[in-house]
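Structure at a glance
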Amino acid sequence: MRQFIERHTFWSFVILVALGVFLWLIFAVWPEWLEAVLGRKKTFVNTFLNGVTLGGLYFLVASGFTLVFGLMRNVNLAHGSMYLLGAYVGYEAAEASGNWFIGLAVAFITIAATGIALQTLIFRRMEGQDLRQTLVTIGISIIAADLMLAVWSGTTYQFTPPEWLFGAAELPVVSTLRSNGDAVYIKYPLYRLTVLGVAVAVGIGLWLFLNRTRIGMMIRAGVNDRDMLSATGVNVQLVFALVFAIGAGLAGFAGVIGGTALSIAPGEDIRYLLASLVVVIVGGLGSVTGAAIGALLIGLAEQFGLAYFPTYGVVLTFLIMVVVLAVRPQGIMGQA
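Residues numbered from 1 in each chain as written. Predicted model: local features only at pLDDT ≥ 70, side-chain atom pairs only at ≥ 80, totals over all residues. Heavy atoms only, no water.

1. Focus: empty space enclosed by the protein
Heads up, the condition is: Grid spacing is 1 Å over the protein atoms alone, the probe is 1.4 Å, and a cavity is where that probe fits but cannot get out, while a pocket is an open set with protein on both sides within 12 Å along at least five of seven lines and lining residues have an atom within 4 Å of a point. Grid points are joined across faces, edges and corners, and a volume is the space filled by probe spheres set on the points. The helix count covers DSSP runs of H or I at least four residues long, the strand count covers runs of E at least two residues long, and both are numbered beginning at the N terminus. Amino acids are sorted into nonpolar (Ala, Val, Leu, Ile, Met, Phe, Trp, Tyr, Cys and Pro), charged (Asp, Glu, Lys and Arg) and polar (every other residue, Gly among them).
One pass over the full model with this rule turns up one cavity of 30 Å³ or more. When its volume is computed, the largest cavity comes out at roughly 40 Å³. Surrounding the largest cavity, Thr 53, Leu 54, Leu 57, Arg 192, Val 195, Ala 261 and Leu 262 form its lining. Among the elements of the structure, helix H4 (41–71) and helix H8 (190–212) are those that each provide at least two residues to the lining of the largest cavity. Considering each element in turn, the lining of the largest cavity owes the most residues, three residues, to H4. Taken together, the residues that form the lining of the largest cavity break down as five nonpolar, one polar and one charged.

If you want it as structure tokens, here you go:
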């Protein structure tokens, strides 16, 4: 951070000013002229929170994709199918057991095992063959989509979260003032705030795992020079299988989280695969921090686009990607 400020003093100042203005928009009582321009403050703040929590969900999906595609350079275009399969498996487990957390655990373990099978049977045989990996995993995703449609049909499913996650939390953000001067505070669904908290915890955990543990060092070393790592006596294939298991497991984990916040339905696999691709490209290959920044930008762009530019809202996501690629082709946090 200090190096960035020293190298980019002007942009640091611009970012600081923009942050100050944004915080004022969130916490201040809006004057009438501002409401005439931007609409009700409650709509603006709810749109912002929706964007942040959606970004958290995108990060949960993209974090696994970051490990597999961004770090290991394995093109797994069946990642979206893993998300949707995790959601379906978790739903069945939660319904059978009556416990949402069991559904979450079963989804993670099942999809992690699926990831190990993919790495062992497919990616290990096609190391460095990006085109073959792309074509094979596209085929797998198509077959998986048809199989899931045959088993679970086109019905939309919805998880029931634990009772203590129901309801809304009152935030320290004033929506408006009553005629008697009393403040009206904004309330927001507790579960969506929990999704954000889980995303932050997963992001911190992944960063610490990759940068502060022995296994994390092995993973990064194996990506850069697997022959040298193998010469030290490390089972490189076992390390890579572990990475694939974590990446796939996170997709299944996110399937339950996302299926509870939104819903489970055919087509969600394509949506989250596309979101993961955009997040990784914008954030930078192999960077957990970059994935977090990319997910936040995409989530905010999607929600503000829907709220204020519904006709062109979908364009904002790809506009961000185009601008980032034009200015910084390696992504915001990618290595040059």
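This is not the end of the story, as more comes after the structure.
2. Side note on unusual backbone geometry
Here the phi dihedral of Ser 153 falls at roughly 60°; this positive angle occurs in a residue that is not glycine. Summarising the element assignment, Ser 153 is placed in the loop between helix H7 (130–152) and strand E1 (168–177).

3. Comments concerning the pattern of salt bridges
Short version of the rule: Criterion for a salt bridge: a side-chain nitrogen of Lys or Arg within 4 Å of a carboxyl oxygen of Asp or Glu. We call a residue buried when its accessible area falls under 20% of the maximum for its residue type, exposed when it is over 50%, and partly exposed in between, using a 1.4 Å probe and counting protein chains only.
Counted under the stated rule, the structure contains two salt bridges. Glu 268 is the salt-bridge partner of Arg 271, the closest N and O atoms lying 3.8 Å from each other. Note that Arg 271 and Glu 268 are positioned in helix H12 (residues 268–283) at a spacing of three residues, about one turn of the helix. With relative accessibility at 30%, the residue Arg 271 sits in the partly exposed group. By relative accessible area, which is 14% here, Glu 268 ends up buried. Glu 302 is the partner of Arg 271 in a salt bridge, and the nearest nitrogen-oxygen pair spans 3.5 Å. Of the two residues, Arg 271 sits in helix H12 while Glu 302 sits in helix H13 (residues 288–308), which places them 31 residues apart along the sequence. Taken together, the salt bridges that share partners define one network made up of Glu 268, Arg 271 and Glu 302.

4. Remarks on the nonpolar core
Our working rule: To define a nonpolar core, start from buried Ala, Val, Leu, Ile, Met, Phe, Trp, Tyr and Cys residues and group those joined through side-chain atoms within 4.5 Å. It only takes one pair of heavy atoms within 4.5 Å for two residues to be counted as in contact.
In this structure, Ile 257 and Ile 264 are the most contacted members of the largest nonpolar core, which totals 67 residues. Counting residues per element, this core draws most heavily on helix H11 (residues 236–261), at 13 residues. Apart from residues no more than four positions distant in its own chain, Ile 264 is found in contact with Leu 84, Ala 87, Tyr 88, Tyr 91, Thr 155, Thr 156, Tyr 157, Phe 159 and Gly 259.

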